[in-house]
Amino acid sequence: MTVAATPGLEYQAERARSRRGFLLGLPAVIYLLVFFVIPLGIVVAYSFATRTRTGRTELTDWNIDAYGRLGESVVRAVAFRSLWIAAVSTIICLVLAYPLAYFISTRRPVTRNLLLVGVMIPFWSNFLIRTYAWRVLLDSDGIFTQVVSGLGLGDGRILFTSKAVILGLVYGYLPFMVLPLYASIERIDWSLVEGARDLYASGWTAFRRVVWPLSRPGVVAGSILVFVPSFGAYVTPAILGGNKKGLMGSYIVDQFMDARNGPLGASLSVVVLAVMLVGTLVYFRQGGRNL
Amino acid sequence: MRKWIRLLALFGAFSLIAVVTGCGSDEESSAFKLCAEGETDGNLNFYNWSEYMDPDLIAAFQDQHGVSVTEDFYPSNEEMHGKIGVGNSGYDLIVPSDYMVSILISDELIQPIQAAAVPNQANIAERFGDPPYDPGAIYTAAYQWGTTGVGVDTGVTGEDVPHTWGLLFDSGLAEQYGLSGKISLLDDPRETVGAALKYLGYSLNSTSADELAEAEAVIANAVSRIAAFDSDQYSELIVMGETVVGHGYSGNFLWDFEEGDSTYDYFVPDEGGTIWVDNMAVLADAPHPCTAFAFMNFLLDAENGAQLTNYNWYASPNAASEPHIDQEVLDNPIIYPTDMSKLEFIEDTGDFEINYTDALSRARS
């Protein structure tokens, strides 16, 4: 008796397996198609549509007028300010989160889990409510203002300024930075650091040459997770910034709600999306390919 | 590469399907069902601003006609427009403001009022019988009205503040009354740019690029003294002591000033301001138009109209209601301003609308 190799059967089994996988994935695929891809397609379609005199969006006379307006100084100013605020928030988050993530991931497992829960606790309550809570802390009689003025650090009232917006964004998105950083630092093989120290690397050199490169995927992921929502932030600038400085999120909302200019709002959304996508791709190419 | 092309094609195809099915349902029925006075044809779906309707009035209507009323709420004309604009919303009766009425009429989203079913329309005061946004009041019946002006914490400024938009825009006045960083403006291009236009002595419906540019400069110059652009919390901010003057709507100030510890005042500046009217309208595709007209007629009744104003403290456009309105409400100059001559409606400026939004965006950037 000989056992003949039956490549045909194996092939069929392989096919069946992949079919099963496809079927299992199907609900999610359909969900994404219906609630993500199609709406996105509608946004794209709207961006080429026409605004009627009464502010309705008409899907006729396809044109690129809305894109033509994107070079105007208003749009540029809004875009640059949003980029700046998002970049500052991301850097502050990174500076704050890195030592914290490093600290957490070098604790004993029990302590580690407790600290991680601590990082996530703010998520248990609504973001809007937490942002309004900051408004109370930051207003003229607020604790924050009192403490800062009390310490003689000048006028502590930062409510309705860009500082308050950045504070709110850092507060809101810090966990998004801590968690991916933790995940990548925790994975590091510490014997590599030992090896570096054995070869007379200073603590700083060991960090710079070993720990930092190995944690890069976390840095990349965390930065994207903070930067992207900060760039389009709407709630925080409205509540803590007093909506004073035009930012991307509110500018897009204004187009739909006040100017009733669907095409312009849609084209802004499409461009933001494209810029984010390209930025993310470049960033990934640079760094954490092995995420 | 082939995978990408396939994905892209799929994306395009799906979007196209969505778009095509989106416009396919655009057919319209031109003939509206005729209704008699008091006739009902099912339960009413009422879409209204929040805190704007006395629940007792709804209960009374339900008892009287044996139908039930479901009330949903919206915070802005634009949100309401977004929901009903696509059609088949299921709502019968809505309460759009002036400029939104003209948009709804030209988009054929609301139907003419059937005079036979709404005899109480005759109760509406002459002033509201032929509004610029709905000439001849063919489509709408006024619901309530109010003004946009300035609320002040007179406990801080003293009683003698000048009644001018300059409190919001003028650096000299800001210094005199300690207002710097204590001012809020509405986050609304038409209202805020409109206030600046009025301050300069222009119409708030100006479609002159030069006048708009001047108004933009006025706001840009004031931005450093502005605490916030806020359309929801302006009165709370004053009561909390966070701001001293605010730009906002009459009724809201009145409600919140009741809560505060200081003394407050609200006025429409001497340069003039916005008068707005919210109006009842029946949707073109209302499933129960007759009940909607019956309810409209019910609210336009003299006593019911008075009850509404006594409840929500907004002024009534119903002339016949006046004898039934509480004297304290009638005598309140915030609810019933004494000088109506300088008030102006916001009118839809069509294509020019975008310039208002851009002016405000530029002014604060």
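Below: a short report on this structure. These numbers were taken from a predicted model, which means no experiment stands behind them.

## Points about empty space enclosed by the protein
Residue and element names in this part refer to chain B.
So, point 1. The tally for this structure, following the rule as stated, stands at three cavities of 30 Å³ or more.
So, point 2. If you add up the space inside the largest cavity, you get close to 60 Å³.
So, point 3. Taken together, Ala142, Tyr143, Gln144, Met280, Leu299, Leu300, Gly305, Leu308, Ser316, Pro317 and Asn318 form the lining of the largest cavity.
So, point 4. For the lining of the largest cavity, the elements supplying multiple residues, two or more each, are β5 (141-153) and α13 (302-312).
So, point 5. With three residues, β5 is the largest single contributor of residues to the lining of the largest cavity.
So, point 6. Of the residues belonging to the lining of the largest cavity, the class tally is seven nonpolar, four polar and no charged.
So, point 7. The volume enclosed by the second largest cavity comes to roughly 40 Å³.
So, point 8. Around the second largest cavity, the lining residues are Ile124, Phe128, Gly129, Pro131, Tyr133, Ala137, Thr140, Ala141, Ala142 and Asn279.

## Regarding the nonpolar core
Note on soluble globular proteins: their nonpolar side chains tend to be buried together.
Residues and elements named next belong to chain B.
So, point 1. By size, the foremost hydrophobic cluster in this structure holds 79 residues, and its most contacted members are Met53, Ile84, Leu93, Ile94, Phe295 and Met296.
So, point 2. The leading source of residues in this core is helix α12 (residues 289-299), at eight residues.
So, point 3. Both domains that meet at this core, namely domain 1 (37-145 + 276-337) and domain 2 (147-274 + 344-363), each give it at least three residues.
So, point 4. In this structure Ile84 touches Tyr47, Ser89, Tyr91, Ile94, Leu104, Leu109 and Leu283, once residues within four positions along its chain are discounted.
So, point 5. Counting residues in each nonpolar core, the second largest holds 33 residues, with Leu197, Ala215, Val218 and Ile226 among its members.

## Digging into the side chain of Thr140 of chain B
Residue and element names in this part refer to chain B.
So, point 1. By secondary structure assignment, the location of Thr140 is in the loop between β4 (110-111) and β5.
So, point 2. In this structure the side chain of Thr140 is engaged in a polar contact, spanning 2.8 Å, whose partner is the side chain of Asp134.
So, point 3. Leave out the neighbours within four places in its chain, and Thr140 touches Val101, Ile110, Ile113, Gln121, Tyr133, Asp134, Asn279, Met280 and Ala281.

Calculation rules
- Residues numbered from 1 in each chain as written.
- Chains lettered and ligands numbered in written order.
- Predicted model: local features only at pLDDT ≥ 70, side-chain atom pairs only at ≥ 80, totals over all residues.
- Heavy atoms only, no water.
- 1 Å grid on protein atoms, 1.4 Å probe; cavity = no way out; pocket = protein on both sides within 12 Å on 5 of 7 lines; lining within 4 Å.
- Points joined across faces, edges and corners; volume = space filled by probe spheres on them.
- Helix = DSSP H or I, 4+ residues; strand = E, 2+ residues; numbered from the N terminus.
- Nonpolar A, V, L, I, M, F, W, Y, C, P; charged D, E, K, R; others polar.
- Core = buried A, V, L, I, M, F, W, Y, C linked by side-chain atoms within 4.5 Å.
- Buried < 20%, exposed > 50% of the residue type's maximum accessible area, 1.4 Å probe, protein only.
- Domains from an automatic or database assignment.
- Contact = heavy atoms within 4.5 Å.
- Polar contact = N/O pair within 3.5 Å; in protein donor to acceptor, adjacent residues only side chain to side chain.

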